[in-house]
Amino acid sequence: GSGRDCYTLAQLVGKDGHVIGLDMTDEQLEVARRHQGWHAERFGAANVEFRKGFIEDLASVGIADHSVDLVISNCVLNLSPDKPRLFAELFRVLKPGGELYFSDVFADRRIPKALAEDPVLLGECLGGAMYLEDFRRMLYRVGCADARVVASAPLLVNNRELEAQTGNIRF
């Protein structure tokens, strides 16, 4: 996105650490890169780089096997059309003992196909929301036996049209 997460993480990893921001759009990358100099000058955060690509294919942007300590996904999971590949790729790049953090939208049940393919619901990050138990199962299949919810709050849908479409699904 705008790079804010990366600039914050740059402060946490320190000068010897390295942060890679990934986005699939030139527009978002331009916004993120526009502020690199300011952050480097003000906070010494010259340890951030931004690459264009898809989270399902980190090899194409040069991220090697077992080379990453921590992956943070900020509302990307629900946008991915190939969630099994996304998980496999994340576990490919993580070092042993590495950690994943997802900040995303999940659902209390599987989203019906008609809703999952609805362009408005996809754009609102609801159509691609994973059923939380499917998320846990998928993580387990790729080697993560210890998935935990760190914090959670229900997402309020304050749009009557969207509310009518999604029925009683809780996000």
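Residues numbered from 1 in each chain as written. Predicted model: local features only at pLDDT ≥ 70, side-chain atom pairs only at ≥ 80, totals over all residues. Heavy atoms only, no water.

So, about the state of the cysteines. One pass over the structure, following the stated rule, counts zero disulfides. Lacking any disulfide linkage, cysteine 125 is separated from the closest cysteine sulfur, that of cysteine 75, by 5.7 Å. (Disulfide = S-S within 2.5 Å.)

With that out of the way, let us pick up the nonpolar core. Within the largest apolar cluster, 19 residues are counted, with the highest numbers of intra-cluster contacts made by Val71, Leu77, Phe87, Leu90, Met130 and Phe135. Breaking this core down by element, the ones donating at least two residues are β3 (68–74), α4 (83–93), β4 (94–103) and α7 (132–141). Examining the composition of this core, we find that four residues originate from one element, α4, more than from any other. Residues in contact with methionine 130, not counting those within four places in the same chain, are Leu77, Lys83, Phe87, Val105, Phe106, Ala107, Phe135 and Met138. Counting eleven residues, the second-largest nonpolar core is a separate cluster that includes Val105, Leu115, Leu121 and Val157. (Core = buried A, V, L, I, M, F, W, Y, C linked by side-chain atoms within 4.5 Å. Buried < 20%, exposed > 50% of the residue type's maximum accessible area, 1.4 Å probe, protein only. Helix = DSSP H or I, 4+ residues; strand = E, 2+ residues; numbered from the N terminus. Contact = heavy atoms within 4.5 Å.)

Before going further, it helps to spend a moment on the side chain of arginine 92. Mapped onto the elements of the fold, arginine 92 is located in helix α4. One polar contact links arginine 92 to aspartate 65, side chain to side chain, over a distance of 2.5 Å. With residues near it in sequence (within four places) discarded, arginine 92 still touches Leu58, Ala59, Ile63, Ala64, Asp65 and His66. (Polar contact = N/O pair within 3.5 Å; in protein donor to acceptor, adjacent residues only side chain to side chain.)

Our next topic: unusual backbone geometry. Phi is positive for histidine 66, which is not a glycine, with a value near 50°. Checked against the element boundaries, histidine 66 lands in the loop between β2 (48–52) and β3. Unlike most non-glycine residues, cysteine 75 shows phi in positive territory, near 60°. The topology assignment puts cysteine 75 in the loop between β3 and α4. With relative accessibility at 29%, the residue cysteine 75 sits in the partly exposed group.

Two side chains that carry opposite charge are able to pair once their charged atoms sit near each other. In the structure shown here, the tally under the stated rule is 13 salt bridges. When the shortest N-O distance is used, the salt bridge between lysine 95 and aspartate 69 registers 3.4 Å. Here lysine 95, found in strand β4, pairs with aspartate 69, found in strand β3; they are 26 residues apart in sequence, far enough to count as distant. Looking at lysine 95, the relative accessible area reads 33%, which means it is partly exposed. (Salt bridge = Lys/Arg side-chain N within 4 Å of Asp/Glu carboxyl O.)

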